[in-house]
Amino acid sequence: MLDRQRTETVISAGLGEPATPARTLVWDRVVRGFHWLLVAAIAVAAVTGLVAGAPWIDAHVWAGTAAAALVAGRIVWGFFGSTHARFADFVISPSAVFAHLRALVAGRAQRHRGHNPLGAIMILALLATVGLIAVSGVVALGGTEKTGPLAFITTFATGAEARDVHEALAYILLGLIVLHVAGAMFESRRTREDLVRAMIDGRKEIRRGDHLSFMKTARPWLAGGIAAALVAVAMAAIATLSGRSGLGVPVAKLDPLYASECGACHAAYHPSLLPRKSWAVLTANLADHFGEDASLDAASTARIAAYLAANAAETADTLAANRLRRVDPAKPFAITATPFWRRRHGKIADAVFASKAVGSRGNCAACHADAASGRFYPGNIHIPAEAKP
């Protein structure tokens, strides 16, 4: 340790350089671990969110949660970590950033062992973007899927807007990552140093003329204590808030009479899947119910009609309830004829619906484990293996 410090002092003073340049620890284990774990979390989140599809939503949420937790931990370490991990080491004024940029263009920019000014801006942008993605994701999840810590106060409309923001930020993050990689490649070439290797073993060469930093001692126990406290508070808050009923969640149980009479011949669809007018048309024409006579006594008909009207799509705020309110005018009582249903199921082969495991386009429960509740959470989608073409 003393020899390395002595070598660095000699080089910095311009007294010479050893034949084999000495290397010193720049990125501590926390910084390196954060970097590569965040890469993994963002990769999983990107694949499950942009490529894999709706059934992978749980993996997407967990990856996003991990990314948010890593960013929170990195912020704590930015105040109590080792020298080059601290924000004080690389967060500088705009004038200093422009000065570095001018020097870079002129070919006389100093080499920074830690983040140079442009790299610092990128790090802050990445941290902020991941944080905003996490926040918008929680709002989107609460509003559109009625789950998570904000589900009890978030409307579908707000969730849908947050989902659009979430997706836009995801693409912005991908753009920032491309710029980050390009910047690392450029800086590696400019300084003739492998920055990827440096982020693996944490070490960089000691060179004369380096921009030197005021050395700081890491305080891992304090940082760990603060991080642990934040995790405990966050977990308690998430668990408490997530336990509250989502805003606009439809009635949980079906009316027994409706379930028995209608379910005797076909699936008893949750009333939140059609608007009141559609249910009214159905109950008013039970004598010709899809070519069958499904007539009931007047009292039973009135009870079922009242139940359906009281719990129709207008009374719920789920994705399905909001989207299925728009029906096909020619078939106002056919869920599978709605524009939303056709759009969501358009890529599924006819053979899947015709298979023995599914049977028809109207058998929602074959693929949606929570169809009876009217929730239709994406993580509950499971197409039977024998039904897949």
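Preceding this paragraph is the structure being described.
Residues numbered from 1 in each chain as written. Predicted model: local features only at pLDDT ≥ 70, side-chain atom pairs only at ≥ 80, totals over all residues. Heavy atoms only, no water.

Asker: Is there a simple way to explain the overall build of the protein in this structure?
Answerer: Scanning the protein for helices and strands turns up 15 helices and two strands. For a compact globule of 389 residues, the expected C-alpha radius of gyration is about 21 Å, and the protein comes in at 29 Å, more than 25% above that figure. Out of the 389 residues belonging to the protein, those deemed buried represent 39%. Across the protein, contacts joining residues at least 24 apart in sequence account for 66% of those joining residues at least 6 apart. Accessible surface computed for the protein: about 21500 Å², of which carbon and sulfur atoms make up 65%. Charged side chains of the protein number 40 positive and 28 negative; the gap between the two group centres comes to 10 Å. (Helix = DSSP H or I, 4+ residues; strand = E, 2+ residues; numbered from the N terminus. Rg over C-alpha atoms; globule rule 2.2 N^0.38 Å. Buried < 20%, exposed > 50% of the residue type's maximum accessible area, 1.4 Å probe, protein only. Contact = heavy atoms within 4.5 Å. Areas by Shrake-Rupley, 256 points an atom, 1.4 Å probe, with all protein chains shown as cover. Lys, Arg positive; Asp, Glu negative; His and termini not counted. Charge placed at Lys NZ, Arg CZ, Asp CG, Glu CD.)

Asker: What should I look at first to understand a nonpolar patch on the surface in this one?
Answerer: On the surface, V47, L50, V51, Y171 and L174 cluster together into a nonpolar patch covering about 460 Å² of accessible area. Contributions of two or more residues to the nonpolar patch are made by α2 (29-52) and α7 (156-191). Among the elements that line the nonpolar patch, the one with the most residues is α2, at three residues. Note that Y171 resides in helix α7. (Patch = residues over 30% accessible without salt bridge, like charges linked within 9 Å, V, L, I, M, F, W, Y side chains within 5 Å. Salt bridge = Lys/Arg side-chain N within 4 Å of Asp/Glu carboxyl O.)

Asker: Before we go on, may I ask you to explain the nonpolar core in this structure?
Answerer: Across soluble globular proteins, nonpolar side chains have a tendency to be buried as a group. Judged by nonpolar contacts, the single largest core of 29 residues is most densely connected at Y258, W279 and V358. For this core, the elements supplying multiple residues, two or more each, are α7, α10 (256-263), α11 (276-284), α12 (298-310), α13 (319-324), α14 (339-345) and α15 (350-354). If near-sequence neighbours (up to four positions away) are discounted, V358 is found in contact with V352, F353, N363, A366, C367, P384 and A387. (Core = buried A, V, L, I, M, F, W, Y, C linked by side-chain atoms within 4.5 Å.)

Asker: I'm lost on α7 in this one. Help?
Answerer: Given 3.6 residues per turn, any residue in an α-helix points the same way as the ones three and four places further on. Taking 1.5 Å of rise per residue, 36 residues should cover 52 Å, and α7 covers 51 Å from first to last C-alpha, within 8% of that figure. Along α7, the residues that are buried comprise F156, G159, A160, A162, H166, L169, A170, L173, L176, E187, S188 and T191. Here the buried face of α7 lies against α2, α3 (57-80), α6 (117-144), α8 (195-201) and α13. (Expected span 1.5 Å × (residues − 1).)

Asker: Sorry if this is basic, but what is going on with the packing of α6 against α7 here?
Answerer: If you want to describe how two helices pack, look at the angle between their axes and the distance between the axes. For the pair α6 and α7, the least separation of the axes is 7 Å and the interaxial angle reads 155 degrees. Between α6 and α7, the crossing angle belongs to the class labelled roughly antiparallel. As α6 packs across α7, the resulting crossing turns out to be left-handed. Here the residues of the contact of α6 with α7 sort into 19 nonpolar, nine polar and one charged. (Axes fitted to C-alpha atoms, helices over the stretch in contact; angles between N-to-C directions. Parallel < 35°, antiparallel > 145°, perpendicular 65-115°, else oblique. Left-handed = near helix turned anticlockwise from the far one by under 90°. Nonpolar A, V, L, I, M, F, W, Y, C, P; charged D, E, K, R; others polar.)

Asker: Explain the side chain of E187 here, please?
Answerer: Mapped onto the elements, E187 comes out in helix α7. Within polar-contact distance, the side chain of E187 engages the side chain of R190 at 2.7 Å. For E187, the residues in contact, after removing those within four places along its chain, are N116, R192 and L195. (Polar contact = N/O pair within 3.5 Å; in protein donor to acceptor, adjacent residues only side chain to side chain.)

Asker: Whenever I open this one, the packing of α2 against α7 confuses me. Can you help?
Answerer: Orientation of α2 relative to α7, taken along the N-to-C sense of each, is 140 degrees, at an axis distance of 12 Å. Classified by the angle between their axes, α2 and α7 sit oblique to one another. When you trace α2 past α7, the crossing you get is left-handed. Judged by residue contacts, H35, I42 and L50 of α2 engage Y171, L173, L174, I177 and H180 from α7. Its residues assigned to classes, the contact of α2 with α7 comprises six nonpolar, two polar and no charged.

Asker: Is there a simple way to explain helix α5 (residues 94-106) in this structure?
Answerer: Its 13 residues give α5 an end-to-end C-alpha distance of 18 Å, which sits within 8% of 18 Å, the value for a rise of 1.5 Å per residue. All buried positions along α5 are accounted for by V97, H100, A103 and L104. Axial view of α5: buried residues confined to an arc of 125 degrees, hence all on one face. Residues of α5 that are exposed and point over 90 degrees away from its buried face: P94, S95, F98, R102, V105 and A106. (Arc of directions from axis to C-beta.)

Asker: Please clarify how the pattern of salt bridges should be interpreted in this entry.
Answerer: Close approach of charged atoms allows side chains of opposite charge to pair. Applying the stated criterion across every chain yields a total of eight salt bridges. With a closest N to O distance of 3.1 Å, D317 and K146 form a salt bridge. Placement of D317 in the loop between α12 and α13 and of K146 in the loop between α6 and α7 is noted, with a sequence separation of 171 residues between them. Look at D317 and you get buried, because its relative accessible area is 17%. Residue E205 pairs with R207 through a salt bridge whose shortest N-O separation is 3.0 Å. R207 sits in the buried class, given a relative accessible area of 15%. Connected through shared salt-bridge partners, R23, R197 and D201 make up one network.

Asker: Can you walk me through a positive patch on the surface in this structure?
Answerer: Residues R323, R326, K331, R342, R343 and R344 make up a contiguous surface patch of positive charge. Per-element tally for the positive patch: the top contributor is α14, with three residues. Within the element layout of this structure, K331 appears in the loop between α13 and α14. A relative accessible area of 46% means that K331 is categorised as partly exposed.

Any link to function would need more than the numbers given here.
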